[in-house]
Amino acid sequence: MPVVPAQPYEFTLDPPRAALLIIDMQRDFVEPGGFGEMLGNDVSQLRPSIEPLKALLAAARQAGLFVMHTREGHKPDLSDLHEAKKVRGRGAKTIGDEGPMGRILIIGEAGHDIIPELYPIAGEPVIDKPGKGAFYNTELTDIIADKDIKQFIVCGVTTEVCVHTTVREANDRGIECLVLSDCTASYFPEFHATALRMIAAQGGIFGWVSDSTSVIAALTAPAEPAAS
Ligand code: TIU
């Protein structure tokens, strides 16, 4: 099986049991005028993750790896939006209000969709999640049981919020998570760095940390000859 250099130690990738999980690469987080900017963030901080993620996604598709995407958002009638989340931040605008890319963080609106550079293709589930974690109130548990997935290669935004929440949820469900430093991003570079350290610290308390170059090399390495 391919071995990926990682922190705190190498990650043994089992491609048939692994999935690439891309968290919330939506216009609402990455582009001006969406939820991320509404919260007062500099959304340009997230853009450096797009090119490495694009290359990784191409390599994963080429290698036949199972790919899943998530989107954070809510139904147009807001029936899946807790009041506590709606009012958080005390902003003039909140989730469901009209913004430059449609109603903010609402399923079906332009801003809620995945950025064109990383758009899903047929066969790649798109998991709509109302929370920060990808397991809460979604079909992810059923999808990975059906495919017998035991490992996630985790990418997306933001490192310390939806990526961390999902990795913690997955870790408690027995999924091994390999988080890629150059394919994740935060509005706060110092949070990004610390969030990655938190994952790999204490012997890999939640998972492993590596980068796209290492995973692409592992996915494209020639298969080892069978033992004679
Ligand atoms: N605000 C922030 O950092 N993140 C989110 O609200 N959602 C995700 O991380 N996707």
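Quick summary incoming for the structure in this document. Treat the numbers as computed from the prediction; the structure is a model and nothing was measured. (Residues numbered from 1 in each chain as written. Predicted model: local features only at pLDDT ≥ 70, side-chain atom pairs only at ≥ 80, totals over all residues. Heavy atoms only, no water.)

### Structural notes on the site of the ligand
The test is simple: We call a residue near a molecule or strand whenever a single non-hydrogen atom of that residue lies within 4 Å of it. For the purposes of these results, a polar contact is taken to be a pair of N or O atoms within 3.5 Å, where, inside protein, one atom must be able to donate a hydrogen and its partner to accept one; residues adjacent in sequence count only when each atom of the pair is a side-chain atom. Each accessible area is a Shrake-Rupley result for a 1.4 Å probe, and residues are judged covered by the shown protein chains and nothing else. As a working rule, the residues Ala, Val, Leu, Ile, Met, Phe, Trp, Tyr, Cys and Pro are called nonpolar, Asp, Glu, Lys and Arg charged, and the rest polar, with Gly in that last group.
Contacts to the ligand come from D24, F29, F35, L39, E72, K132, V157, T158, V161, C162 and Y187. Side-chain polar atom of D24 to a nitrogen atom of the ligand: 2.7 Å apart, as the coordinates give it. K132 is positioned with one of its side-chain polar atoms (N or O) 2.9 Å from an oxygen atom of the ligand. Coverage of the ligand by the protein amounts to 93% of the 280 Å² it exposes when considered alone. Tallied by class, residues from the shell around the ligand come to seven nonpolar, one polar and three charged.

### Some thoughts on the nonpolar core
Quick reminder of the rule: We call a set of buried residues a nonpolar core when its members are Ala, Val, Leu, Ile, Met, Phe, Trp, Tyr or Cys and they connect through side-chain atoms within 4.5 Å of each other. Think of it in three bands: with a 1.4 Å probe and only protein chains considered, a residue is buried below 20% of the maximum accessible area for its type, exposed above 50%, and partly exposed in between. Runs of E in the DSSP output that reach at least two residues are strands. Runs of H or I that reach at least four are helices, and both are numbered from the N terminus. We call two residues contacting when some pair of their heavy atoms lies within 4.5 Å.
Counting residues in hydrophobic clusters, the biggest one holds 40 residues, and the most contacted among them are L20, M25 and L178. Looking at this core, the elements with two or more residues in it are β3 (18-23), α1 (27-30), α3 (50-63), β8 (151-157), β9 (176-185) and α8 (212-220). Not counting the four nearest positions on each side in its chain, M25 is found in contact with V30, S49, I50, L53, T70, D113, I114, I115, L118, G156 and V157. Core analysis: the second largest hydrophobic core is formed by 26 residues, L21, M68, V154 and A200 among them.

### Brief notes about the packing of aromatic side chains
Selection rule: The pairing test for Phe, Tyr and Trp rings, Trp by its six-membered ring, is centres within 6.5 Å, and the orientation test on the planes gives stacked under 30 degrees, edge-to-face over 60, and tilted for anything in between. Charges are assigned to positions over rings by a cutoff of 6 Å between ring centre and Lys NZ or Arg CZ, combined with an angular limit of 35 degrees from the ring normal.
Counted by the stated rule, this structure contains five aromatic pairs. With 5.7 Å between their ring centres and 85 degrees between their planes, Y9 and W208 make a pair best called edge-to-face. Residue Y9 is located in the loop between β1 (3-4) and β2 (11-12), and its partner W208 is located in strand β10 (residues 208-210); the two are separated by 199 residues in the primary sequence. Their ring planes at 40 degrees and their centres at 4.7 Å tell us that F188 and F191 sit as a pair that is tilted. Under the relative-accessibility criterion, F188 is labelled partly exposed at 32%. For F191, a relative accessible area of 37% gives the class partly exposed. An aromatic cluster is built from Y9, F11 and W208, whose rings are joined through pairwise contacts. Across the ring face of F135, the terminal group of R173 is positioned such that the distance to the ring centre comes to 4.5 Å.

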